[in-house]
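Examining the three-dimensional arrangement
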Amino acid sequence: MTHSVTFSEIEKKALKRGINFEQIKELFHKKEHTTPTLILSRSEIRRNYDALVAALPRVKIHYAVKPNAHDAIINEVYNRGGNFDVCSAGEINKVLQTGIDPKTLVHSHPIKSIPEFDFAVNNDIETFVIDNIDEIEKLKRYTKKLKLLIRFRINTNSTAVVNLQYKFGCQTDDVLALAEKIKETGHEFYGLCFHIGSQCTYSENYVKAIEAAHELVKQLDANQFDTRLLDIGGGFPVEYTEPILPIDEFCKPIADALDKHIRPGIEIVSEPGRFIAASPTTLICSIIGKAQRDGKMWYYLDDGLYSTFSGILYDQCQYPVVSNVTGEHKLSVLAGPTCDSFDVMYDGLMIPEHKIGDKLMFTSTGAYCEVSGSNFNSLRRPDYLVID
Ligand SMILES: Cc1ncc(COP(=O)(O)O)c(C=O)c1O
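Small disclaimer: the values here were computed from a predicted structure and weren't measured.

**Overview of the environment of Cys170**
With respect to the secondary-structure elements, Cys170 resides in the loop between β7 (147–151) and α8 (175–184). Setting aside residues no more than four positions away along its own chain, Cys170 makes contact with Asp131, Ile150, Arg151, Phe152, Arg153, Val175 and Leu178.

Written out as structure tokens, the structure reads:
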């Protein structure tokens, strides 16, 4: 991306989605408002949740807490009847505060340390994901009967922005042997799961995985393994700097494939993270310093790559830059506040000339941003401000 987005463009988009942009604008213009701040819109969480429920009528939503474990998100999801996907003791503690029944949670981490596994079992979590024999060996320490989902991977020509099939997932040919092994340990084979990758813009990848699940269910049936649940993972895409399909259009082929291939008795769940958490958060930063170097305007912001913008690094993401300054566009660089030269977020951006104290806004900064930041240089991390 080479250009910033104007306020009016963002406002038009926000109004189309039903977002109350006025409140965000007011905070942006308020002189005494300290930055960096992450503005979190509760109504946008609800809109995202409802849109996904409507787009996938057979699917129960288990919000994957990892992209953002803010209480406001967890509570909104819970209050709408949503459930959770967890992968650590910390996430379990967070979601149990809602009062949700731990037996309904899915623990989706295919590799669990013994202390993590013990913590989850001792807190009455029953449904776990595995993808290999060595993980199944760990089940022998538990007398409580656990429900196991086997995570498989498929080959796809097109990959998601974040490939989640690289580190996890067994081959489809290994599923039956793993189900047999689960039975040997006295636990229950409960179903199948996959994660096609995060920010996946190809619904055909989900369709392929659902077709593979259908074949696996037939094979498992023939061997007296009853598939009770299919977990279709997360991955649903969000509009950052590139346009994407509206979620109902994106999900239509997925919903059709589920109807065609997955029999009514099989419960279907999904673990969306990004789709629920990204768009409700808007980052507001201030320009704290400015310099002209090598023919470019350098702007130093009060948030950087070591904090909210860590998503550029770990999540391979670019966030729209929004400014209300007008004028001739100049070749610019946006850098973070630390002493490290690596702390540069945008190089080659065309924006009007700004002055120290001007604010910039970055939309859709709610997923895999603040959670992966650090305290490098002991600089102030942004506060959340929850609205509507
Ligand atoms: C097991 C699992 N479930 C769900 C998610 C959430 O995926 P997304 O944010 O792409 O919806 C992830 C992301 O890493 C994951 O690893």
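Still more ground to cover, so stick around.
**Here we look at the site of the ligand**
Around the ligand sit 15 residues in total, of which Ser198, Gly235, Glu271, Arg274 and Tyr368 are the nearest. Here Ser198 contributes a side-chain N or O atom positioned 2.4 Å from an oxygen atom of the ligand. One of the side-chain nitrogen or oxygen atoms of Tyr368 is found 2.5 Å away from an oxygen atom of the ligand. Considered on its own, the ligand offers 390 Å² of accessible surface; in the complex 91% of this is hidden by protein. Taking a 2 Å distance to the grid points as the criterion, the majority of the atoms of the ligand fall inside the second largest pocket. Here the shell around the ligand is composed, by residue class, of 4 nonpolar, 6 polar and 5 charged.

**Examining the layout of surface pockets**
The volume enclosed by the largest pocket comes to roughly 990 Å³. Taken together, 35 residues line the largest pocket, and the ones lying closest to its centre are Lys13, Arg17, Glu239, Ser279 and Ser364. When residues in the lining of the largest pocket are grouped by element, the largest group, 6 residues, is from helix α1 (residues 7–17). Split into classes, the residues belonging to the lining of the largest pocket amount to 19 nonpolar, 8 polar and 8 charged. Split by domain, the lining of the largest pocket shows at least three residues from each of two domains, domain 1 (5–33 + 280–387) and domain 2 (43–277). Roughly 750 Å³ of volume is contained in the second largest pocket. Lining the second largest pocket are 35 residues, and of these Lys66, Leu164, Phe168, His195 and Tyr368 lie nearest its centre.

**With respect to the domain arrangement of the protein**
Under the domain assignment, the protein is made up of domain 1 (5–33 + 280–387) and domain 2 (43–277). Taken over C-alpha atoms, the centre of domain 1 sits 33 Å from the centre of domain 2. Opposite the 19 residues of domain 1 that make contact, domain 2 presents 19 residues. Between domain 1 and domain 2, the buried area comes to about 1,700 Å², and carbon and sulfur atoms account for 53% of it. When the area that domain 1 buries against domain 2 is broken down by residue, the three leading residues are Arg17, Pro280 and Tyr368, summing to 32%. If you look at where domain 1 meets domain 2, you find 1 salt bridge. Across the pair Arg274 and Asp315 runs a salt bridge, and its minimum N-O distance is 2.7 Å. At the boundary of domain 1 and domain 2, one finds 4 residue pairs in polar contact (both at pLDDT 80 or more). Counting only elements with at least two residues in the side of domain 1 that touches domain 2, the list comes to α1 and β17 (383–387). Residue composition of the side of domain 1 that touches domain 2, by class: 10 nonpolar, 6 polar and 3 charged.

**Some remarks on the pattern of salt bridges**
Enumeration over the complete set of coordinates arrives at 27 salt bridges. As a salt-bridge pair, Glu184 and Lys181 come within 3.8 Å of each other at their nearest N and O atoms. Taken together, the residues span about one helical turn, with Glu184 and Lys181 both in helix α8 at a distance of 3 residues. Under the relative-accessibility criterion, Glu184 is labelled exposed at 61%. For Asp256, the salt bridge identified is with Lys252, shortest N-O distance 2.9 Å. In this pair, Asp256 and Lys252 are both assigned in helix α10 (residues 247–261), 4 residues apart and thus about one turn of the helix distant. The exposure class of Asp256 is partly exposed, given its relative accessible area of 38%. For Lys252, a relative accessible area of 48% corresponds to the partly exposed category.

**Some words on helix α4 (residues 71–79)**
For α4, every residue scored as buried is listed here: Ala72, Ile73, Ile74, Glu76 and Val77. Directly beyond the C-terminal end of α4, a positive phi value near 90° is found at Gly81.

**Concerning the packing of helix α3 (residues 42–55) against α10**
Contact geometry for α3 and α10: axes closest at 9 Å, N-to-C directions at 35°. Remark: the crossing between α3 and α10 carries right-handed chirality. Taken together, the residues of α10 that come into contact with α3 (itself represented by Ala51, Leu52 and Ala55) are Ile247, Asp248, Cys251 and Ala255.

**Brief notes about the environment of Lys16**
Along the chain, Lys16 turns up in helix α1. Counting along the chain gives 237 residues from Lys16 to Pro253, while the straight-line C-alpha distance between them is 24 Å.

**Here we look at the packing of aromatic side chains**
The way to describe two aromatic rings as a pair is by their centre distance and the angle between their planes. Here the structure, examined in full by the defined rule, presents 13 aromatic pairs. Through pairs of rings, three or more aromatic residues link up here, namely Tyr240, Phe309, Tyr319, Tyr346 and Phe362. The ring centre of Phe117 lies 5.0 Å from the NZ or CZ of Lys112, which sits over that ring.

Procedures and definitions
- Here, residues in each chain are numbered from 1, in the same order as that chain's written sequence.
- Owing to the predicted nature of the model, reporting of local features is limited to residues with pLDDT of at least 70; listing and counting of side-chain atom pairs is limited to 80 or more, with chain, interface and lining totals taken over all residues.
- Note: side-chain values were computed over all heavy atoms of the structure, leaving out hydrogens and water.
- Helix and strand assignments come from DSSP, with helices taken as H or I runs of at least 4 residues and strands as E runs of at least 2, each series counted from the N terminus.
- Here, two residues are considered to be in contact whenever any of their heavy atoms come within 4.5 Å of each other.
- Note on definitions. A residue lies near a molecule or strand when any single heavy atom of the residue is within 4 Å of it.
- Distance and chemistry together define a polar contact, namely a pair of N or O atoms within 3.5 Å, with one atom able to donate a hydrogen and the other to accept it when in protein, and with adjacent residues in sequence counting only for side-chain atoms on both sides.
- Method for areas: the Shrake-Rupley scheme with a 1.4 Å probe, in which residue coverage is limited to the protein chains shown.
- For cavity detection a 1 Å grid was placed over the protein atoms alone, and a set of points counts as a cavity when a 1.4 Å probe fits there but cannot get out; an open set counts as a pocket when protein lies on both sides within 12 Å along at least five of seven lines, with lining residues being those that have an atom within 4 Å of a point.
- Should more than half of a molecule's atoms lie within 2 Å of a pocket's or cavity's grid points, that molecule is taken to sit in it.
- Note that Gly is not counted as nonpolar here; it falls among the polar residues with everything else outside the nonpolar set of Ala, Val, Leu, Ile, Met, Phe, Trp, Tyr, Cys and Pro and the charged set of Asp, Glu, Lys and Arg.
- Grid points are joined across faces, edges and corners, and a volume is the space filled by probe spheres set on the points.
- Residue ranges labeled as domains rest on an automatic or database domain assignment.
- For any pair of parts, buried area is found by adding up, for both, the accessible area (1.4 Å probe) each one loses once the two are put together.
- The term salt bridge refers to a pairing of a side-chain nitrogen on Lys or Arg with a carboxyl oxygen on Asp or Glu at a separation within 4 Å.
- Throughout this description, buried means an accessible area under 20% of the type-specific maximum (1.4 Å probe, protein chains only), exposed means over 50%, and partly exposed covers the range between.
- For helices, the fitted axis covers only the stretch in contact; all axes are lines through C-alpha atoms, and the angles between them, taken along N-to-C directions, range from 0 to 180 degrees.
- Should the near helix be turned anticlockwise from the far one by less than a right angle, the crossing is termed left-handed; should it be turned clockwise, right-handed.
- Two rings belonging to Phe, Tyr or Trp (six-membered ring only in the last case) form a pair when the distance between their centres is within 6.5 Å. Interplanar angles under 30 degrees mark stacking, angles over 60 mark edge-to-face geometry, and anything in between is tilted.
- Charge-over-ring contacts are defined here by two conditions on Lys NZ or Arg CZ: a distance within 6 Å of the ring centre and an angle within 35 degrees of the ring normal.

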